[in-house]
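The residues making up each chain are set out below.
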Amino acid sequence: MSSSVGTATKSERTRALIRDIALRSFRERGYDQTTIRLIASEAGVSVGTTNYHFASKNDLVQELYLDVQQQHRAAALPLLEASDDLVERLGIVFRTGLAQLEPYHRFAPEFLSAAVSPRSSINPLSSDSSESREIVVGLFREAIAGAADKLPAEFDEDLPSALMLGHLLLALFWVYDTSDGRERTRRLLDRGLRLLKLSLPLVRLRVLRKPLRELLDLIAEVQA
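Residues numbered from 1 in each chain as written. Predicted model: local features only at pLDDT ≥ 70, side-chain atom pairs only at ≥ 80, totals over all residues. Heavy atoms only, no water.

1. A short note on the overall build of the protein chain
- Check the secondary structure of the protein chain and you find eleven helices and zero strands.
- Helices and strands appear in the protein chain in the N-to-C order α-α-α-α-α-α-α-α-α-α-α.
- Within the protein chain, counting contacts between residues at least 6 apart in sequence, those at least 24 apart form 71% of the total. (Helix = DSSP H or I, 4+ residues; strand = E, 2+ residues; numbered from the N terminus. Contact = heavy atoms within 4.5 Å.)

In structure tokens, the structure reads:
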């Protein structure tokens, strides 16, 4: 047992237990069938204790978001070390991200229904989702920074956030993809990466930078 676990307080251990049970239930039962009462029962604590640590089920969904993206980062970083090609590195981030979502595919429509409202705290673009969202932005930033084929420095700040939004849109397509092994999603990603490989070198030409700059500014405004 690690020292951090050994020195955890009873409250911290209870919180970790509730979180672990909730995340397992989301994987096994989905969003709709996972309730605070069920989580409390399986944790052997009261509903009040569960609500003390997590005010609502959506707070636990945010823990799920973080868990998925932390696993995304753990899966992507070692693979990024093996390539310095920009588009290959971006593909690694997209593919490892989809792989972490796959265990939740059969329940994905439930999560989407709960998250689709702009007022939902589990909307991926909400302020509550910023921590998990920033993990994905950070991965795209890492993919760009470590590539041998550098883009103009003016795009370094905004391009990772635009790619994160692209990842969310790809995940939305994935939710509706009923093909075997999500083959349609994989084809869409492969075609998008091929197009990216053809078009990215063009942004090194000064005359063509303005359209991309305007596109990134527009995306930033959408996310604001």
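After that view, the rundown keeps rolling.
2. A few points about the environment of Arg133
- Secondary-structure assignment places Arg133 in helix α8 (residues 130-145).
- C-alpha separation for the pair Arg133 and Tyr65, spaced 68 residues apart in sequence, amounts to 8.6 Å.
- Once residues lying within four places of it in the same chain are set aside, the contact partners of Arg133 are Pro124, Leu125, Ser126 and Met164.

3. Points about the environment of Ile21
- Along the polypeptide, Ile21 turns up in helix α2 (residues 10-33).
- Each C-alpha atom, one on Ile21 and one on Ala40, is 8.9 Å from the other, the two residues being 19 residues apart in sequence.
- Leave out the neighbours within four places in its chain, and Ile21 touches Ile39, Glu42 and Ala43.

4. Focus: the nonpolar core
- Grouped together as the largest cluster of nonpolar side chains are 51 residues, with contacts concentrated most on Phe26, Leu60 and Phe140.
- Mapped onto this core, the elements with two or more residues apiece are α2, α3 (36-43), α5 (57-80), α6 (86-101), α7 (108-115), α8, α9 (159-176) and α10 (183-199).
- It is α6 that contributes the most residues to this core, eight residues altogether.
- Not counting the four nearest positions on each side in its chain, Phe26 is found in contact with Tyr31, Thr34, Lys57, Leu60, Val61, Leu64, Tyr104, Phe107 and Phe111. (Core = buried A, V, L, I, M, F, W, Y, C linked by side-chain atoms within 4.5 Å. Buried < 20%, exposed > 50% of the residue type's maximum accessible area, 1.4 Å probe, protein only.)

5. Brief notes about a nonpolar patch on the surface
- There is a patch of nonpolar side chains on the surface, built from Leu169, Leu172 and Tyr176 and spanning about 330 Å² of accessible area.
- Of note, Leu169 is situated in helix α9. (Patch = residues over 30% accessible without salt bridge, like charges linked within 9 Å, V, L, I, M, F, W, Y side chains within 5 Å. Areas by Shrake-Rupley, 256 points an atom, 1.4 Å probe, with all protein chains shown as cover. Salt bridge = Lys/Arg side-chain N within 4 Å of Asp/Glu carboxyl O.)

6. Here we look at the pattern of salt bridges
- One pass over the structure, following the stated rule, counts ten salt bridges.
- Glu42 is the salt-bridge partner of Arg29, the closest N and O atoms lying 2.5 Å from each other. One end of the pair, Arg29, is in helix α2; the other, Glu42, is in helix α3, with 13 residues separating them in the sequence.
- A salt bridge links Lys197 to Asp85; the nearest nitrogen and oxygen atoms lie 3.2 Å apart. With Lys197 in helix α10 and Asp85 in the loop between α5 and α6, the pair connects residues that are 112 residues apart, well separated along the chain.
- Using a relative accessible area of 19% as the deciding quantity, one classes Asp85 as buried.
- Residues joined by salt bridges that share partners form a network here, namely Arg15, Arg19, Asp20, Glu63 and Asp67.

7. Points about the packing of α5 against α6
- Where α5 contacts α6, the two axes come as close as 9 Å, and the packing angle between them is 145°. Handedness of the α5/α6 crossing: right-handed. Residues Val68, Gln71, His72, Ala75, Ala76, Leu79 and Leu80 of α5 pack against Arg89, Ile92, Val93, Thr96, Gly97, Gln100 and Leu101 of α6. (Axes fitted to C-alpha atoms, helices over the stretch in contact; angles between N-to-C directions. Left-handed = near helix turned anticlockwise from the far one by under 90°.)

8. Considering the packing of aromatic side chains
- This model, assessed by the stated rule, comprises three aromatic pairs.
- Taken together, the ring pairs in this structure connect Phe26, Tyr31 and Phe111 into an aromatic cluster.
- The ring of Tyr31 has Lys57 sitting right over it, with the charged end atom 3.9 Å from the ring centre. (Phe/Tyr/Trp six-rings, centres within 6.5 Å; stacked < 30°, edge-to-face > 60°. Lys NZ or Arg CZ within 6 Å of the ring centre and 35° of its normal.)

9. Overview of unusual backbone geometry
- Positive phi values are uncommon outside glycine, yet Arg182 reaches one of about 55°.
- Mapping Arg182 onto the fold places it in the loop between α9 and α10.
- Judged by relative accessible area, Arg182 falls into the buried class, the value being 16%.

10. Things to note about the environment of Pro124
- Along the chain, the position of Pro124 falls in the loop between α7 and α8.
- It is 9.5 Å that separates the C-alpha atoms of Pro124 and Gln62, two residues lying 62 residues apart in sequence.
- Discounting residues that sit within four places of it in the chain, Pro124 has contacts with Ala115, Ser129, Arg133 and Leu168.

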